[in-house]
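Geometric and topological summary
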Amino acid sequence: MNDEKPYRKLETQALLQQIAFRHGMEAMAASEEGTLAWVSSGFPVEIPVAMNVFPTYPEQAGAIIGATKIGPEVCGFAEDLGYSQELCSYARASIGSTDRPDDVAMGALPKPQALLGCNNICGTILKWYDANSEQTGAPVFLLDTPPLEAEQKPHHRAYVKQGLERLIEFLAKTFNTTLEEDRFREVSDLSSRAIKLWTQSLKACQNKPSPLNCADRFLTMAPVVSSRGVEHCTEFYEVLLAEVEDRVKQGIGAIREEKIRLLWDNIPPWFILRFFNQLAAQGVVFPADTYTHAWSGAVEGTDTDSLLDGIADIYSNVYLNKNLDAKVDKMCQLIKDFDLDGFVMFSVRSCKRYSLGQLVSKEIVTERTGVPGVVIEGDMVDSRLFNEAQIQTRVDALLEMFV
Amino acid sequence: MSYPEVIEQSNQVLKALVDAGERVLGYIYPHPPHEIIIAHGLKPSLVRTNPSVVGAYEASLQTFSCSLTRNLFSQRVNNSFPQLAGIVFSGNTCDALQNVGDVWRKRFPKDNVFRLTYPVGDLGASSVDFLAMEIKAFSDELASLYGEEFSESSFREAIMLLDEIRNALQLLYCVRILHPSLISYNTLSSLVGEFLTAPTQEAADRIKMTWNEVLERIENMGQRNKVGQLRDSLLNHDLSDFETVIDTSGPRIAVIGGMIEPNTVAGLLENVHGISDTTLVLDMLSFGFKTVFTPPVGIEDDPYEESARSILGAHSEPTQEGLPKRITFLKDVLTRLSIHGLIVCEQSFCDPDEFESPSLERAAKEVGVPTVKLPLDSELSDRARIEGRIQTFLETIDDN
């Protein structure tokens, strides 16, 4: 049956399910032991992991809630508490599932002992975790990484580094733990190895046909978000890279007949990942996207001080913490490196940090690369804000340009 | 004064300044380093939304950009902005202002667009150091662009001017809380509006004159010390030592929210049937209370550090760390200042406002104060319904 589909399923997905199950079980155990922290996706997780604090991710839980198509219902729980429907649907899903965990089949997280947020992905994180804190009683720690206009200035880096030192104090006090240098180095090394393996898999998509499509990457990015810094995460990416390299060697693509190569910009609509598979039937593959390329910075250093310097640098320089010029540069570079024919910008109503500016950057990217693009609007979790027919019309209009 | 009249008056003041050869620097976030800007020979002025602007943002911004940024952008596209020498966008305060600043630079490359990045974290000295460096960089940029170096003497004069203005406004705010019949909210909000339009000596003189008129009556009532005590408590963000106000002469309402001007609120209340002039006793808005209750800039240390310390000494914004402290302070305000009802303003598509409002409502309910939430946009497009909600809310309080 599988052979009849326009896309090829990754063998590694079975291992992914095992890792997800393991992560969930470990999170529950950590909660019971009093060592669980909810963590934002751009948080320097190497530090809590090295201090034996187990991280789990509300954003990933939001993606699961979206993928299981209960987003509107769970977001509605938060709206019942007074949170506007105009707010981030990851946040609403998190607040809603925390309020009514028994009414959420998948995606409600075990009770945390701390909430660790870093605003390098958006300003919403602080507000969202403040709300979660009121619900759970867990204290919030914010690592403030002010957005960069260009290169990171010395006082920016110093400020972020002071925040990291404050984080170590916070974790020590909250969890009665310490940061040992050897362990910190070991965790950072594991994290870097996982990220390097992941980056190699992404780079392999420069090949034609591309061995991975958007949906493949959105699913297989989970461990690098949730478990970087632990052994089994690195092992997973070794297996994934082996499968990707094997596909490249054999000339096997993620879709059966690759005709059009596009760039995807922004978080995906988790509730309709089949969107990518439907396009696969038209020969459309997405060898690159700005979202999964966000996890590309490896932490390096020889001692605690230099590791903290590395973290202050890497975690300040993430894609979403940079200005419009840097985002445009990144898109143009991906289009060039992956030899792409066009791009699709998903304007996510939930995510102002990612989406505001797309209308302008679309024009600039086309001007600089010569390839066309389209902006479609919707949401990543809340399917009430997604008009499939309208989106299909816009994407079809883009595809007609390649005929 | 209606809000359109405020805008008209503000534009006239700005035009007069420009005609007199002054350079006006617009700002959006309510905590600019006023004194540093003046020390470079510029006049800081709040860039205001205009309810009557025709939407013209669609080619550059999505509809889910906050109503404030959409309104300002539309004004700029329509060339209906006052003549500004430049505009200051805040960095690291909210995602909309962060990104719209970038979009503005692309769409209007000839505009002088500045970015002043604020710390979100409450890291004490580290936050002050960070902001001081950002203000220094901003100051260098002003010097480079306008050719006017930072002037120590102008800086000291600006400190004195801002002290005069803030001091008088703080006292007037306290009079309004303690004895609302002595100064109307309309008058208070108009004076705050003048300060925001341009902190000039003329504005300071008018504000002081109003204070002197009120002072005489306060002294006759033997309440001068009480007003001073309240001012100190509000400046210290701590009402725990302040003797509770007991005033049962009528319903006492407070209003809280983000980037909404006191004048806007005053304008909304004007049309509400049956509302008394003494009902709204306090706003805790970013452009009102929080801008006014900013501690003075010191003169002992480095000017940039002193300026940063002053800005970070103001009541924190929803964009900053410190929700638990804000909630504690709100509860103290509601109980110790005998507030009977709280209006929570929530600007359309404003993440900080919309995230914080449920917490504010819960806090008020915990101390037995009823609330009403007002979803607002800069165009007040739902004005009749909003006024209806306020009226119903007030009637409910009256019944209790």
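Residues numbered from 1 in each chain as written. Chains lettered and ligands numbered in written order. Predicted model: local features only at pLDDT ≥ 70, side-chain atom pairs only at ≥ 80, totals over all residues. Heavy atoms only, no water.

**A look at the sheet that holds strand 7 (residues 341-347) of chain B**
Residues and elements named next belong to chain B. The sheet built from four strands is open, its strands ordered 6-5-7-8 with parallel pairing. Among the strands making up the open sheet, the edge pair consists of strand 6 (280-284) and strand 8 (371-376). Averaged over all adjacent pairs, the angle separating strand axes in this sheet is 20°, with direction ignored. Summarising the sheet, strand 7 and strand 8 pair through six bridges and their orientation is parallel. Paired with Ile 343 across the bridge in strand 8 is Val 372. Here helix 14 (residues 351-366) sits on the sheet and contacts strand 5 (253-256), strand 7 and strand 8; the angle it forms with strand 7, its principal contact strand, is near 170°. (Pairing = 2+ DSSP bridges. Helix = DSSP H or I, 4+ residues; strand = E, 2+ residues; numbered from the N terminus. Axes fitted to C-alpha atoms, helices over the stretch in contact; angles between N-to-C directions. Contact = heavy atoms within 4.5 Å.)

**Remarks on the side chain of Thr 294 of chain B**
Residue and element names in this part refer to chain B. With respect to the helices, strands and loops of the structure, Thr 294 is situated in the loop between helix 11 (286-292) and helix 12 (303-312). Taking the relative accessible area as the measure of exposure, Thr 294 reaches 5% and is therefore buried. Within polar-contact distance, the side chain of Thr 294 engages the backbone oxygen of Thr 291 at 2.9 Å. Residues within four places of Thr 294 in sequence aside, it is in contact with His 31, Arg 166, Gln 170, Leu 235, Ser 310 and Ala 314. (Buried < 20%, exposed > 50% of the residue type's maximum accessible area, 1.4 Å probe, protein only. Polar contact = N/O pair within 3.5 Å; in protein donor to acceptor, adjacent residues only side chain to side chain.)

**Points about the nonpolar core**
Among the nonpolar cores identified, the biggest contains 259 residues, and Ile 47, Tyr 90, Leu 116 and Trp 264 of chain A together with Leu 282 and Leu 337 of chain B are the most heavily contacted of them. Looking at this core element by element, the count peaks at 15 residues for helix 6 (residues 152-178) of chain B. Residues from two domains meet in this core; each of domain 1 (13-148) and domain 2 (183-400) of chain A gives at least three. The residues touching Tyr 90 of chain A, leaving out its near neighbours within four places in the chain, are Glu 59, Gly 62, Ala 63, Trp 128, Ile 267, Trp 270, Tyr 291, Met 380 and Val 381 of chain A. (Core = buried A, V, L, I, M, F, W, Y, C linked by side-chain atoms within 4.5 Å. Domains from an automatic or database assignment.)

**Examining unusual backbone geometry**
With omega at 0°, the peptide bond leading from Lys 208 of chain A into Pro 209 of chain A counts as cis. Mapping Pro 209 of chain A onto the fold places it in the loop between helix 8 (181-203) and helix 9 (214-220). Positive phi values are uncommon outside glycine, yet Asn 176 of chain A reaches one of about 50°. For Asn 176 of chain A, a relative accessible area of 72% gives the class exposed. One non-glycine residue with positive phi stands out, namely Leu 380 of chain B, at about 50°. Summarising the element assignment, Leu 380 of chain B is placed in the loop between strand 8 and helix 15 (383-399).

**Some thoughts on the pairing of strand 3 (residues 114-118) of chain A**
The side chains of a regular strand alternate, first on one face of the sheet and then on the other. All names here are of chain A. Burial within strand 3 is extensive, with five of its five residues counted as buried. The pairing of strand 1 (residues 36-39) with strand 3 spans three bridges and is classified as parallel. In the sheet register, Trp 38 faces strand 3, and the bridge partner there is Leu 115. By the bridge criterion, four bridges tie strand 3 to strand 4 (residues 140-143) in an arrangement that is parallel.

**Considering the packing of helix 8 of chain A against helix 11 (residues 231-250) of chain A**
In a packed pair of helices, the relevant descriptors are the angle between the two axes and the axis-to-axis distance. All names here are of chain A. Where helix 8 meets helix 11, the closest approach of the two axes is 9 Å, and the angle between their N-to-C directions is 20°. Accordingly, the angle class assigned to the pair helix 8 and helix 11 is roughly parallel. Note on packing geometry: the crossing formed by helix 8 with helix 11 is left-handed. In contact with Leu 190, Arg 193, Ala 194, Leu 197, Trp 198, Gln 200 and Ser 201 of helix 8, helix 11 contributes Glu 231, Cys 233, Thr 234, Tyr 237, Glu 238, Leu 240, Leu 241 and Val 244. The residue makeup of the contact of helix 8 with helix 11, split by class, is nine nonpolar, three polar and three charged. (Parallel < 35°, antiparallel > 145°, perpendicular 65-115°, else oblique. Left-handed = near helix turned anticlockwise from the far one by under 90°. Nonpolar A, V, L, I, M, F, W, Y, C, P; charged D, E, K, R; others polar.)

**A short note on the environment of Ala 138 of chain A**
Residues and elements named next belong to chain A. Structurally, Ala 138 is set in the loop between helix 6 (124-136) and strand 4. Among the residues examined, Ala 138 registers a relative accessible area of 3% and is labelled buried. Taking the C-alpha atoms as reference points, Ala 138 and Leu 115, 23 residues apart in sequence, are found 6.4 Å from one another. Non-local contacts of Ala 138, meaning those with residues more than four positions away in its chain, are made with Pro 112, Gln 113, Ala 114, Leu 115 and Ser 133.

**Quick look at the interface of chain A and chain B**
Contacts between the two partners involve 47 residues from chain A, matched on the other side by 51 residues from chain B. It is Lys 127, Lys 352 and Leu 356 of chain A that lose the most area in chain A upon contact with chain B, and together they represent 17% of the buried surface on that side. Applying the counting criterion to the chain A and chain B interface returns nine salt bridges. Across the pair Glu 356 of chain B and Lys 127 of chain A runs a salt bridge whose closest N-O atoms are separated by 2.3 Å. Summed over the shared surface of chain A and chain B, the result is 30 residue pairs in polar contact (both at pLDDT 80 or more). Listed by contribution, the elements that provide at least two residues to the side of chain A that touches chain B are helix 5 (89-99), helix 6, helix 7 (154-175), helix 14 (324-337), strand 7 (342-348), helix 15 (352-355) and helix 16 (358-369) of chain A. Of the residues in the side of chain A that touches chain B, the class split is 18 nonpolar, 14 polar and 15 charged. (Buried area = accessible area lost by both parts, 1.4 Å probe. Salt bridge = Lys/Arg side-chain N within 4 Å of Asp/Glu carboxyl O.)

**Notes on the state of the cysteines**
Simply put, disulfide is the name for a covalent bond between the sulfur atoms of two cysteines. Residue and element names in this part refer to chain A. In the structure shown here, the tally under the stated rule is zero disulfides over all chains. Its sulfur unpaired, Cys 118 is 9.9 Å from the next cysteine sulfur, which belongs to Cys 122. Cysteine Cys 214 remains unbridged, with the sulfur of Cys 205 as its closest cysteine sulfur at 9.6 Å. Owing to a relative accessible area of 0%, Cys 214 belongs among the buried residues under this scheme. (Disulfide = S-S within 2.5 Å.)

**Digging into the packing of aromatic side chains**
Under the counting rule described, the total for this entry stands at 32 aromatic pairs over all chains. Seen from their ring centres, Phe 114 of chain B and Phe 138 of chain B are 5.7 Å apart, and the 90° between their planes marks the pair as edge-to-face. Placement of Phe 114 of chain B in strand 4 (residues 113-117) and of Phe 138 of chain B in helix 5 (residues 125-146) is noted, with a sequence separation of 24 residues between them. Judged on exposure class, the residue Phe 114 of chain B and its partner Phe 138 of chain B are both buried. Taken together, the ring pairs in this structure connect Phe 218, Trp 264, Trp 270, Phe 271, Phe 275, Phe 276, Phe 286, Tyr 291, Tyr 319, Phe 346, Tyr 354 and Phe 386 of chain A into an aromatic cluster. Just above the ring of Phe 108 of chain B sits the side chain of Arg 76 of chain B; from NZ or CZ to the centre is 4.3 Å. Above the ring of Phe 242 of chain B, the side-chain terminus of Lys 226 of chain B is found at 4.7 Å from the ring centroid. (Phe/Tyr/Trp six-rings, centres within 6.5 Å; stacked < 30°, edge-to-face > 60°. Lys NZ or Arg CZ within 6 Å of the ring centre and 35° of its normal.)

**Re the sheet that holds strand 2 (residues 42-46) of chain B**
Residues and elements named next belong to chain B. Across the sheet, which stays open at both edges, the four strands sit in the order 2-1-3-4 with parallel pairing between neighbours. Both edges of this open sheet fall to strand 2 and strand 4, since each of them pairs with a single strand only. Here the strands of the sheet are splayed against their neighbours by 30° on average, with no regard to which way each runs. Of the pairings in the sheet, the one linking strand 1 (residues 23-27) to strand 2 comprises five bridges and is parallel in character. Counterpart to Leu 25 in the pairing with strand 2 is Pro 44. Where helix 5 meets the sheet, its contacts fall on strand 1, strand 2, strand 3 (86-91) and strand 4, and the angle it forms with strand 4 comes to roughly 165°.

**What about the pairing of strand 8 (residues 373-378) of chain A?**
All names here are of chain A. Among the six residues in strand 8, five count as buried, and that is most of the element. Of the strand pairs in this sheet, strand 7 and strand 8 are connected by six bridges, and their pairing is parallel. Across the sheet, residue Met 345 finds its bridge partner in strand 8, namely Val 375.

**Here we look at the domain arrangement of chain A**
Residue and element names in this part refer to chain A. The domain boundaries assigned to chain A delineate domain 1 (13-148) and domain 2 (183-400). A straight line from the C-alpha centre of domain 1 to that of domain 2 covers 21 Å. Of the residues lining the interface, 48 residues belong to domain 1; the matching set on domain 2 comes to 44 residues. Taking both partners together, domain 1 and domain 2 bury about 3700 Å²; carbon and sulfur atoms supply 59% of that area. When residues of domain 1 are sorted by the area they lose upon contact with domain 2, Leu 16, Glu 46 and Leu 148 head the list and together hold 17% of the total. Taken together, the connections running from domain 1 to domain 2 amount to three salt bridges. At the surface where domain 1 touches domain 2, the tally comes to 17 residue pairs in polar contact (both at pLDDT 80 or more). Looking at the side of domain 1 that touches domain 2, the elements that each hand over two or more residues are helix 1 (13-33), helix 2 (46-50), helix 3 (58-67), helix 4 (71-80) and helix 5. Of the residues that constitute the side of domain 1 that touches domain 2, the class distribution is 25 nonpolar, 16 polar and seven charged.

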